[in-house]
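# What the coordinates show
Spelled out from the first residue to the last, the chains are:
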Amino acid sequence: MIVLVTGAAGGVGRLLVPELRGEHELVLTDRAHAPGVVPGDLADPDFLRGVVAGADAIVHLAGDPNPSRGWDRLRVPNADMVAHVLDAAVAAGVGRVVLASSVHASAGYVDAGRTPVREDWPAWPCCPYGAAKVFAESLGRAYAYQWGLSVVCLRLGGVRERPAARSWLPGWLSPGDLGRLVRAALRANVDYGVYHGISANTGALWDRSLAGAELSYRPVDDSARYAGEVADDLAAKPDPAARPRWGFAHLS
Ligand SMILES: NC(=O)c1ccc[n+]([C@@H]2O[C@H](COP(=O)([O-])OP(=O)(O)OC[C@H]3O[C@@H](n4cnc5c(N)ncnc54)[C@H](O)[C@@H]3O)[C@@H](O)[C@H]2O)c1
């Protein structure tokens, strides 16, 4: 497949691209300049049309990953831009779009102590960032229904080489598992779905049964391996009620 990766020069993109090489022919794009990346702004309709042309699938990563932002900063990159990419995908006859959603779309359950959060529970965003991701998932479903575009939404956990601190352990997604997840999402026989994307972490707060059953996602990494070496960012706030909520504290 020819796979267009948007936001390829970003944090997730830089870890994902090596994992996809060899399996697919990649077209990388970002408004930031980087080697091998077609530079341009997806807000430019001509650029978007040009870069989407010829792709069999799109992995859409471009957006604002900061969960502490307000809606005014998120609407364009995380809502409008998803609509533009879906429109361009339909117009160009792209078969599948993989959307980078986030565990913030369901992190309200975590704050309420209802874990592990299942993928088939109604969304419970913890913040405008999470709500924007739910909007993107919902728009993806509408395009799947209306236009027959296959849309796979991946609620990614914290993507880093290794967990950044103790609070990351339950929701970490390793680079290797990120690759397994996105490769599975590109190949699965599904019209539409929303899946949690985290590693095989001990004490995971998000269930990933649907990702296993429908995408055949089989993570192998466990954040527990790093438990003894990461900074304990929770120790300073022993009272859970005093800790910042997910939307403002985690995975940014
Ligand atoms: N980083 C994580 O742990 C994490 C967790 C969950 C979900 N996500 C989601 O994954 C995606 C990627 O996150 P990230 O951490 O790599 O973010 P990032 O900010 O590091 O990378 C995003 C990239 O998108 C590009 N971009 C933004 N607007 C653009 C536009 N209009 N045209 C072209 N390029 C544009 C930026 O230049 C940047 O390189 C985001 O949608 C984010 O919400 C990330």
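Once a new chain begins, its residue numbering starts again from 1 and follows that chain's sequence as written. Local features in this predicted model are restricted to residues whose pLDDT is 70 or higher, and side-chain atom pairs enter the listing and the counts only when it is 80 or higher, whereas totals over whole chains, interfaces and linings include all residues. Each side-chain value is worked out from all heavy atoms of the structure, with water and hydrogens disregarded.

Each packed pair of helices is defined by two parameters, the angle between the axes and the distance between the axes. Two elements in contact, helix 1 (residues 11-20) and helix 6 (residues 175-187), have axes separated by 9 Å at closest approach and are oriented at 65°. On the basis of the axis angle, helix 1 is roughly perpendicular to helix 6. Handedness of the helix 1/helix 6 crossing: right-handed. Facing helix 1, whose interface residues are Val-12, Leu-15, Leu-16, Glu-19 and Leu-20, helix 6 presents Pro-175, Gly-176, Leu-178, Gly-179, Val-182, Arg-183 and Leu-186. Each residue is assigned to one of three groups, with Ala, Val, Leu, Ile, Met, Phe, Trp, Tyr, Cys and Pro labelled nonpolar, Asp, Glu, Lys and Arg labelled charged, and all others, Gly among them, labelled polar. When the residues that make up the contact of helix 1 with helix 6 are grouped by side-chain class, the tally is 8 nonpolar, 2 polar and 2 charged. Convention adopted: a line fitted to C-alpha atoms gives each axis, helices being fitted over their contacting stretch, and angles between N-to-C directions are expressed from 0 to 180 degrees. Numbering of helices and strands runs from the N terminus, with a helix taken as a DSSP run of H or I at least four residues long and a strand as a DSSP run of E at least two residues long. Roughly parallel means an angle under 35 degrees; roughly antiparallel, over 145; roughly perpendicular, 65 to 115; everything else is oblique. A crossing counts as left-handed when the near helix is turned anticlockwise from the far one by less than a right angle, and as right-handed when that turn is clockwise. Contacts: residue pairs with any heavy atoms within 4.5 Å of one another.

Turning our attention to the UniProt feature "domain: NAD-dependent epimerase/dehydratase" (unreviewed entry) in the protein chain. UniProt positions are given in the numbering used here, feature names are shortened, and annotations may be inferred rather than shown by experiment. In the numbering used here, UniProt assigns the feature "domain: NAD-dependent epimerase/dehydratase" (unreviewed entry) to residues 3-157. For the annotated span residues 3-157, helix accounts for 41% and strand for 20% of the residues, and the straight-line distance between the end C-alpha atoms is 22 Å.

A few words on the nonpolar core. In terms of nonpolar packing, the biggest core is built from 32 residues, with Val-59, Leu-154 and Leu-215 touching the most fellow members. Grouping buried Ala, Val, Leu, Ile, Met, Phe, Trp, Tyr and Cys residues that are joined through side-chain atoms within 4.5 Å yields what is termed a nonpolar core. Each residue is placed in one exposure class: buried if its accessible area under a 1.4 Å probe, protein chains only, is under 20% of its type's maximum, exposed if it is over 50%, and partly exposed if it falls in between. Val-82, Leu-86, Ala-136 and Val-151 belong to the second-largest nonpolar core, a separate cluster that totals 28 residues.

Think of it this way: a Phe, Tyr or Trp ring, Trp meaning its six-membered ring, pairs with another when their centres are within 6.5 Å, and the plane angle makes it stacked under 30 degrees, edge-to-face over 60, tilted otherwise. On inspection of all chains with the given rule, the structure shows 3 aromatic pairs. Ring centres of Tyr-109 and Trp-121 lie 4.9 Å apart, and the angle between their planes is 50°; on these two criteria the pair is classed as tilted. Linking Tyr-109 in helix 4 (residues 108-111) with Trp-121 in the loop between helix 4 and helix 5 (128-147), this pair joins segments that are 12 residues apart in sequence. Residue Tyr-109 is classed as buried on the basis of its relative accessible area, which comes to 6%. Here the aromatic residues Tyr-109, Trp-121 and Trp-124 are joined through ring pairs into a cluster of three or more. Between Arg-114 and the ring centre of Trp-121, over which it is positioned, the NZ or CZ distance is 5.6 Å. Consider the ring centre and the ring normal. A charge sits over the ring if Lys NZ or Arg CZ is within 6 Å of that centre and within 35 degrees of that normal.

This next bit is on the pairing of strand 2 (residues 25-30). Note on pairing: DSSP must find at least two bridges between two strands before they are called paired. Here 5 bridges tie strand 1 (residues 2-6) to strand 2, and the two strands are oriented parallel to one another. Bridge assignment links Thr-6 to a residue of strand 2, and that residue is Thr-29. Here is how to tell: hold the view so the strands point away, follow the path from the first strand over the helix to the second, and if it runs clockwise the crossover is right-handed. Once you follow strand 1 into helix 1 and on to strand 2, the crossover reads as right-handed. As paired elements, strand 2 and strand 3 (residues 37-39) share 3 bridges and run parallel to each other. Bridged to Leu-28 within strand 3 is Val-37.

Attention now moves to the site of the ligand. Near residues are defined by distance, with any heavy atom within 4 Å of the molecule or strand qualifying the residue. Not every one of the 26 residues close to the ligand is listed here, only the nearest: Val-12, Asp-30, Asp-41, Tyr-129 and Val-159. One of the backbone N or O atoms of Gly-10 is found 3.4 Å from an oxygen atom in the ligand. Under this definition, polar contacts are N or O atom pairs within 3.5 Å; protein pairs additionally need one hydrogen-donor-capable and one acceptor-capable atom, and for neighbouring residues in sequence, both atoms have to be side-chain atoms. Between Gly-11 and the ligand, the recorded distance is 2.9 Å, taken from a backbone N or O atom to an oxygen atom. Look at the ligand: alone it shows 820 Å² of surface, and the protein chains cover 88% of it. Among the elements of the structure, helix 1, strand 5 (96-102), helix 5 and strand 7 (158-159) are those that each provide at least two residues to the shell around the ligand. In terms of residue count, strand 5 provides more of the shell around the ligand than any other element does, 3 residues in total. In terms of residue class, the shell around the ligand is built from 11 nonpolar, 9 polar and 6 charged. Using the Shrake-Rupley algorithm and a 1.4 Å probe, accessible areas are obtained, with residue cover drawn only from the displayed protein chains.

Mapped onto the secondary structure, Pro-163 falls in the loop between strand 7 and strand 8 (172-173). On the basis of relative accessible area, Pro-163 is assigned to the buried category, the value being 4%. Apart from residues lying up to four places away in sequence, Pro-163 is in contact with Trp-168, Leu-169, Trp-172, Ser-223, Tyr-226 and Val-230.

Next up on the list: unusual backbone geometry. Note that the residue after Thr-115, namely Pro-116, is joined by a cis bond; omega there is -5°. For Ser-216, which is not a glycine, the phi torsion comes out positive at approximately 60°. Assignment of secondary structure puts Ser-216 in the loop between helix 7 (209-215) and helix 8 (246-249).

This brings us to the side chain of Arg-155. Note that Arg-155 resides in strand 6 (residues 150-156). A residue is classified by how much of its surface remains accessible, and Arg-155, at 3% relative accessible area, is buried. The residues contacting Arg-155, other than those within four sequence positions of it, are Ser-101, Ser-102, Val-103, Ala-105, Ser-106, Ala-123, Glu-137, Val-194, Tyr-195, His-196 and Gly-197.

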